[in-house]
Amino acid sequence: MKYLIFLFTCFGIINVYSQDNLEQQFIDIEEKVIEWRRHFHENPELSNREFKTAETITRHLKSLGLEVKTGVAHTGVVAILKGNSPGKVVALRADIDALPVTERNDLPFKSKIKATFLNTETGVMHACGHDTHIAILMGVAEILSKNKDKIRGTVKFIFQPAEEGPPPGEEGGAKLMIKEGVLENPKVDAIFGLHISSDTEVGKIEYKSGGIMAGVERFVVNVKGKQTHGSAPWNGVDPIYISAKIIDGYQSIISRESNLLVEPAVITVGKITSGVRFNIIPESAELIGTIRTLDLDMKKLIFKRMTEMTETIAKAYGGEASIEFQENTTITYNDPDLVTQMLPTFEKVAGKENVVLTKAVTGGEDFSYFQEVVPGLYFFLGGMTPGNKNAFPHHTPDFKIDESGMLLGVKTLTNITFDFLNN
Ligand SMILES: [Zn+2]
Ligand SMILES: [Zn+2]
């Protein structure tokens, strides 16, 4: 009998009580979340320069009585919330940086901030919606702090700078946070993060098992030929002609060699530099491009075959060529077991009809680096007014978010934390 009462208390009564009680806490916090978001929207800061943003976050986390560490990966803020009983460790991550974009929206809290980026004066705008991510996670931190008696385990709040990439020559973002030990002490068991989406209706959650955002690489190819008069190509080796053959070869890796039933993949050559004059076959050519992959094996195949084609095609036409890859982000890979485990939470919070299995996105996200170390789940949150046919894409001056979508983010991350730690 005693045991039964214990069971009821643990899984029944408290649970029902806390859900009702939580619902009220969510309703109460929405206004604050919107207010925070507007503050950050009006005061955006570029990657690795999120000084004031970090101060505001820190002030809030300290007011909640959390253990706070600042200056992680330059301007990152990490806070620890210990539940009343020991258990697993869950990390929740929000990215905090803005972009060199001049806002065109007519909002009372429109950004008027200017900064210098790559020696050019530019407007600064939260044109990717990271302002909503900060506000959502601040709300989650507040609610979880007030309910720590119901938490079995530890919550780590990670406010991450420079998701859009640190300025050239600087380190930053998720990679640097990991290097500085953000996933240790205490060791994180699973990490969760979200991205607001300007073209997903408010109230919806989009998820996908496996690769949800692409691994992003930049590549540079150097082709060496032999310069000669344009009228007599037989006297030289034409690097422009070799480049054309190489580009053609690359596209055959996607269309003929990659199993596109597994995941899509993209190779794009975005820049070609060669030659000076119509009647000179130049000495060399340079190709610069990007690769997007969603599956690690496909990524390996593409790298291997691009390297082989670069070298052998050039050789076949009498020239030489080499390729270099530079990783921007790795594949944002949702751990399939974690997705299965948390799907009921998504459905409980958003309603089954609002949880949508989505297609992958060929853009990148540095949340992926956390997922290389610990199992992680990254999902998209609706931020578009239902019925809006003119949603502007992220990273544009007209990008806009419907703030009423944020509360679902607070609810989802809060419930994920409870369900992951307590079950
Ligand atoms: Zn972005
Ligand atoms: Zn973003």
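Before any of the text, the structure's been laid out above.
Small disclaimer: the values here were computed from a predicted structure and weren't measured. (Residues numbered from 1 in each chain as written. Chains lettered and ligands numbered in written order. Predicted model: local features only at pLDDT ≥ 70, side-chain atom pairs only at ≥ 80, totals over all residues. Heavy atoms only, no water.)

**Considerations on the overall build of the protein**
No. 1: When you go through the protein residue by residue, the secondary structure sums to nine helices and 18 strands.
No. 2: On the principal axes, the C-alpha backbone points of the protein span a range of 95 × 50 × 45 Å.
No. 3: A burial count over the protein gives 52% of its 423 residues as buried.
No. 4: Here the analysis covers contacts within the protein between residues at least 6 apart in sequence; of these, 82% occur between residues at least 24 apart.
No. 5: When the accessible surface of the protein is split by element, carbon and sulfur atoms take 54% of a total near 19700 Å².
No. 6: Treating the 45 positive side-chain charges of the protein as one cloud and the 54 negative ones as another, the clouds have centres 1 Å apart. (Helix = DSSP H or I, 4+ residues; strand = E, 2+ residues; numbered from the N terminus. Buried < 20%, exposed > 50% of the residue type's maximum accessible area, 1.4 Å probe, protein only. Contact = heavy atoms within 4.5 Å. Areas by Shrake-Rupley, 256 points an atom, 1.4 Å probe, with all protein chains shown as cover. Lys, Arg positive; Asp, Glu negative; His and termini not counted. Charge placed at Lys NZ, Arg CZ, Asp CG, Glu CD.)

**What to know about the sheet that holds strand S12 (residues 265-274)**
No. 1: Taken in spatial order, the four strands line up as S12-S14-S10-S15 in an open sheet, and their pairing is antiparallel. Two strands close off the open sheet at either side, each with one partner strand: S12 and strand S15 (320-329). Recorded for the sheet is a direction-independent mean angle of 20° between the axes of neighbouring strands.
No. 2: Taken together, the ten bridges between strand S10 (residues 215-224) and strand S14 (residues 284-293) define a ladder with antiparallel strand orientation. (Pairing = 2+ DSSP bridges. Axes fitted to C-alpha atoms, helices over the stretch in contact; angles between N-to-C directions.)

**Digging into the coordination of the zinc ion (ligand 1)**
No. 1: Protein-derived coordination of the zinc ion (ligand 1) comes from Cys128 (SG), Glu164 (OE) and His395 (NE2), at a distance range of 2.1 to 2.3 Å.
No. 2: On the primary sequence, the residues serving as donors to the zinc ion (ligand 1) are separated as C-x35-E-x230-H.
No. 3: A separation of 3.1 Å is found between the zinc ion (ligand 1) and the zinc ion (ligand 2), which share Cys128 as a coordinating residue. Highlighted residues: Cys128 in the loop between strand S5 (120-123) and helix H3 (130-146) and His395 in the loop between strand S18 (376-384) and helix H9 (406-422), separated in sequence by 267 residues.
No. 4: Owing to a relative accessible area of 8%, Cys128 belongs among the buried residues under this scheme.
No. 5: Among the residues examined, His395 registers a relative accessible area of 39% and is labelled partly exposed. (Donors = N, O, S within 2.8 Å, 3.2 Å for Na, K, Ca; no water.)

**A closer look at the packing of aromatic side chains**
No. 1: All chains considered together, the criterion is met by nine aromatic pairs.
No. 2: Aromatic side chains Phe219 and Tyr250 sit 5.8 Å apart centroid to centroid with 85° between the ring planes, which places their arrangement in the edge-to-face category. With Phe219 in strand S10 and Tyr250 in helix H5 (residues 239-257), the pair connects residues that are 31 residues apart, well separated along the chain.
No. 3: Its relative accessible area of 0% is what places Phe219 among the buried residues. (Phe/Tyr/Trp six-rings, centres within 6.5 Å; stacked < 30°, edge-to-face > 60°.)

**Observations regarding the pattern of salt bridges**
No. 1: Summed over all chains, the structure comprises 22 salt bridges.
No. 2: A salt bridge links Glu403 to Arg37; the shortest N-O distance between them is 3.0 Å. One end of the pair, Glu403, is in the loop between S18 and H9; the other, Arg37, is in helix H1 (residues 2-42), with 366 residues separating them in the sequence. Residues Glu403 and Arg37 agree in their burial class; the two are buried.
No. 3: Between Arg305 and Glu257 there is a salt bridge, and its shortest N-O distance comes to 2.7 Å. Of this pair, Arg305 sits in helix H6 (residues 296-316) while Glu257 sits in helix H5, and the two are 48 residues apart along the sequence.
No. 4: According to the relative accessible area criterion, Glu257 is partly exposed, its value standing at 31%.
No. 5: Via salt bridges that share partners, Arg37, Arg38, Asp131 and Glu403 belong to a single interconnected network. (Salt bridge = Lys/Arg side-chain N within 4 Å of Asp/Glu carboxyl O.)

**Description of the coordination of the zinc ion (ligand 2)**
No. 1: Summarising the metal site, the zinc ion (ligand 2) is bound by the protein donors Cys128 (SG), His130 (NE2) and His195 (NE2), whose distances to it range over 2.1 to 2.4 Å.
No. 2: Every donor residue of the zinc ion (ligand 2) comes from the same chain, spaced as C-x1-H-x64-H.

**Some remarks on helix H7 (residues 336-350)**
No. 1: Given a rise of 1.5 Å per residue, 15 residues ought to cover 21 Å, and the 20 Å separating the end C-alpha atoms of H7 matches this to within 8%.
No. 2: Along H7, the helix axis deviates most sharply at Met342, where the bend reaches about 40°; the proline Pro344 sits within four residues downstream.
No. 3: When H7 is considered as a whole, its buried residues turn out to be Leu338, Val339, Met342, Leu343, Thr345, Phe346, Val349 and Ala350.
No. 4: Against strand S7 (190-201), strand S8 (205-207), strand S16 (332-334), strand S17 (355-357), S18 and H9 lie the buried residues of H7.
No. 5: Gly351 sits one or two positions beyond H7 and adopts a positive phi of about 90°. (Expected span 1.5 Å × (residues − 1). Bend = angle between axes of the 7 residues up to and from the residue.)

**Let's talk about the environment of Pro108**
No. 1: Positionally, Pro108 belongs in the loop between strand S3 (85-95) and strand S4 (114-117).
No. 2: Once the C-alpha coordinates of Pro108 and Val202 are considered, the two residues, 94 residues apart in sequence, prove to be 21 Å apart.

**As for the nonpolar core**
No. 1: If you look at the biggest cluster of nonpolar residues, it comprises 64 residues, and the most contacted ones within it are Phe157, Phe159 and Phe192.
No. 2: With near-sequence residues (within four places) excluded, Phe157 lies in contact with Leu66, Val77, Val78, Ala79, Leu81, Leu92, Leu137, Val140, Ala141 and Leu144.
No. 3: Within the second largest apolar cluster, 22 residues are counted, among which are Tyr250, Ile253, Met306 and Ile313. (Core = buried A, V, L, I, M, F, W, Y, C linked by side-chain atoms within 4.5 Å.)

**A closer look at the pairing of S14**
No. 1: Counting buried positions along S14 yields seven of ten residues, so the element is predominantly enclosed.
No. 2: When S12 meets S14, the two strands line up antiparallel, connected through nine bridges. What sits directly across from Val269, in S14, is Gly289.

**With respect to unusual backbone geometry**
No. 1: For the bond running from Asn185 to Pro186, omega is 0°, close enough to zero to count as cis.
No. 2: Within the element layout of this structure, Pro186 appears in the loop between helix H4 (173-179) and S7.
No. 3: Phi is positive for Asn185, which is not a glycine, with a value near 50°.
No. 4: Secondary-structure assignment places Asn185 in the loop between H4 and S7.

**Section: the sheet that holds strand S1 (residues 67-72)**
No. 1: Read from one edge to the other, the open sheet built from eight strands follows the order S1-S2-S6-S3-S7-S18-S8-S17, with strand pairing classed as mixed. Across the chains shown, the open sheet's two edge strands, defined by having one partner strand only, are S1 and S17. Strand-to-strand twist of the sheet, defined as the mean angle between neighbouring strand axes without regard to direction, takes the value 25°.
No. 2: Where S1 and strand S2 (residues 76-82) come together, four bridges link them in antiparallel fashion. Looking at S2, one finds that Val68 is bridged to Ala79.
No. 3: Against the sheet, helix H2 (residues 51-63) contacts S1, S2 and strand S6 (152-160), and its axis sits at roughly 10° relative to S2.
No. 4: Helix-sheet contacts for H7 involve S7, S8, S17 and S18, and the interaxial angle to S18 is about 25°.

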